[in-house]
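# Descriptive analysis of the structure
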Amino acid sequence: MSAPPFDAFGYAHARRREVAWLCQNTNHLVPPEVVRGAIDEALDERRYEGYPPAAGDPELLERIAADLGLPGQPPFLTSGGTEALYMIARALLRPGDEVVATDPSYLIIHRFVELSGARTVNLDIYAPPFRLTADRVQEAIGPKTRMILLIDPLNPLGTGYPREEVRAIAEIAHDHHLLLLNDVTYRDFSPAPTLAAEFAPEETLTVWSVSKNCGLAGLRLGGFSAPAERRREIARYNTDDLGVNILAQVAARAALRSKPEWLPAVVRQIRANGERVAAVARSVPGVSAPAAPSWASMTILDVRETGLTPEAIQEEMLRTHGVFVRAGNYLSVRHGSSFVRVSFSNPPADIDRFQAAFPAAIETLRRRAGG
Ligand SMILES: Cc1ncc(COP(=O)(O)O)c(C=O)c1O
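Please read these numbers as outputs of a predicted model, since none were measured by experiment.

The strands that make up a sheet are held in pairs by hydrogen bonds between backbone atoms, and each pair lies either parallel or antiparallel. Strand order in the open sheet formed by 3 strands is β9-β12-β11, and the pairing between neighbours is antiparallel. A single partner strand is all that each edge strand has here, and the edge strands are β9 (298-302) and β11 (326-327). In the sheet, β11 pairs with strand β12 (residues 339-343) via 2 bridges, with the strands oriented antiparallel. Of the residues in β12, the one forming a bridge with alanine 327 is valine 340.

This part is about the site of the ligand. Around the ligand, a shell composed of 13 residues is seen, among which Gly80, Gly81, Thr82, Ser209 and Ser211 lie nearest. If one sorts the elements of the shell around the ligand by residue count, helix α4 (residues 80-92) sits on top with 3 residues. For the shell around the ligand, the per-class residue count stands at 3 nonpolar, 9 polar and 1 charged.

Before going further, it helps to spend a moment on the environment of isoleucine 64. Position of isoleucine 64 among the secondary structure elements: in helix α3 (residues 58-68). We classify isoleucine 64 as buried; it has 26 C-beta atoms within 10 Å. Apart from the residues within four sequence positions on either side, isoleucine 64 is in contact with Pro75 and Leu256.

Quick look at the pairing of strand β3 (residues 98-103) now. For β3, the buried fraction is high: 5 of the 6 residues fall into the buried class. Regarding the hand of the β-α-β motif, the stretch spanning β3, helix α5 (residues 108-115) and strand β4 (residues 119-124) is right-handed. Pairing of β3 with strand β5 (residues 145-151), which is carried by 3 bridges, proceeds in the parallel orientation. Residue pairing in the sheet places valine 99 in a bridge with methionine 147 of β5.

Assigned domains within the chain: domain 1 (8-30 + 260-368) and domain 2 (33-257). A separation of 25 Å is found between the C-alpha centroids of domain 1 and domain 2. The greatest single-element share of the side of domain 1 that touches domain 2, amounting to 4 residues, is contributed by helix α10 (residues 259-282). Here the side of domain 1 that touches domain 2 is built from residues that sort into 14 nonpolar, 9 polar and 2 charged.

Within the secondary structure, alanine 197 is located in the loop between β6 (179-183) and β7 (204-209). A residue is classified by how many C-beta atoms lie within 10 Å of it, and alanine 197, with 25 of them, is buried. Along the chain, alanine 197 and valine 166 lie 31 residues apart, while their C-alpha atoms are 9.6 Å from each other. Once residues within four sequence positions are removed from consideration, alanine 197 is found in contact with Leu70, Asn182, Thr204 and Thr206.

The next point concerns unusual backbone geometry. Put simply, aspartate 103 and proline 104 share a cis peptide bond, and its omega is 0°. Secondary-structure assignment places proline 104 in the loop between β3 and α5. The linkage connecting alanine 292 with the following residue, proline 293, adopts the cis geometry, with an omega of 0°. The topology assignment puts proline 293 in the loop between α10 and β9. Phi at asparagine 25 takes a positive value of approximately 60°, unusual for a residue other than glycine. Tracing the backbone shows asparagine 25 in the loop between β1 (20-21) and α2 (33-44). Here arginine 220, not a glycine, exhibits a phi torsion of approximately 65°, which is positive. A residue is classified by how many C-beta atoms lie within 10 Å of it, and arginine 220, with 19 of them, is partly exposed.

What counts, and at which threshold
- Residues numbered from 1 in each chain as written.
- Predicted model: local features only at pLDDT ≥ 70, side-chain atom pairs only at ≥ 80, totals over all residues.
- Pairing = 2+ DSSP bridges.
- Helix = DSSP H or I, 4+ residues; strand = E, 2+ residues; numbered from the N terminus.
- Near = placed C-beta within 6 Å.
- Nonpolar A, V, L, I, M, F, W, Y, C, P; charged D, E, K, R; others polar.
- Buried ≥ 20, exposed ≤ 12 C-beta atoms within 10 Å, placed from the backbone.
- Contact = placed C-beta atoms within 7 Å.
- Right-handed = clockwise from strand over helix to strand, strands pointing away.
- Domains from an automatic or database assignment.

So, in structure tokens, the structure goes:
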């Protein structure tokens with residue numbers, strides 16, 4: 001009998017205090033005092049005993065709408081952006097529909113599309129500019145196309161869309177009467193954040209999250225904003241009928257109240273970390289950081305020329321060095337065996353550990369392989 005595959009997440013969670021978590025784009029840079037008071041107060045009041053306001057805390061809803069700049073579209077709260085993506089796919093796609101998407105991508109969305117009997121048409125973006133272009137979107141549209149998936153900035157590549165490209169893609173959606181699913185989970189890290197809803201308000205469904213910008217991934221809060229009619233259609237698939245986690249709501253409200261005070265320093269640190277990660281990668285023979293500089297909090301390191309697998313690198317980094325990076329197969333059908341993704345919204349000490357571990361891990365694996 002062969003050994004079961006290495007359970008990287010089981011291993012890492014069991015040792016989470018020692019692990020540098022560079023594998024899920026989670027944000028470990030927001031000062032804890034930003035949310036601690038709000039959570040402590042909610043705990044003191046034992047708010048967890050009761051249900052939250054079903055539609056969400058009114059101030060939180062206002063702050064999200066203002067933060068996004070979509071005042072006419074009341075946010076719909078879900079358990080993480082993930083649930084919003086699921087609801088949208090289930091509610092708006094039908095068997096036979098096609099969704100113009102990418103590879104690499106955040107593939108869970110593709111699975112939701114498939115659950116609805118629809119399919120994604122994955123445009124290969126594993127080459128410069130490592131994102132969609134309006135021309136390619138236009139070419140990919142056929143009689144069955146129902147939706148365009150625009151993740152901006154893009155996980156896992158870290159690339160983002162210049163304003164004019166967002167406008168051009170939004171105009172295509174509008175001209176062809178297509179839905180435009182605009183996932184802006186990493187928007188706060190982008191140097192040029194642009195909502196597609198600005199250009200195609202009737203077609204665009206904006207999915208947002210406080211997991212990455214506010215560093216609240218464990219609390220599971222996100223949602224969507226959409227025109228009224230679409231909102232009603234999507235809301236039919238709501239499973240959080242009794243509201244989403246109250247601790248998440250009070251924490252997100254507190255984080256959004258003070259976001260202008262702490263976000264700039266967080267973004268500066270992320271940029272500096274990203275530059276260091278790319279520099280470390282490029283110092284290792286056979287490794288490149290082809291999509292850097294990142295507009296988000298992660299980038300990919302192409303390891304094809306090392307002859308090593310991303311899974312072997314992930315395992316060696318984690319077991320020997322306690323540094324958790326992610327093998328690419330989770331994020332790309334075609335190119336998953338070419339890269340590892342490294343996220344870096346982390347304290348500089350974690351990046352120090354990556355800097356020491358990555359070259360050493362590649363060296364060890366090469367030696368072991370007899371190279
Ligand atoms: C592009 C993208 N969308 C959505 C999510 C889901 O975020 P959450 O469910 O934590 O809000 C992620 C998480 O990594 C992501 O990368």
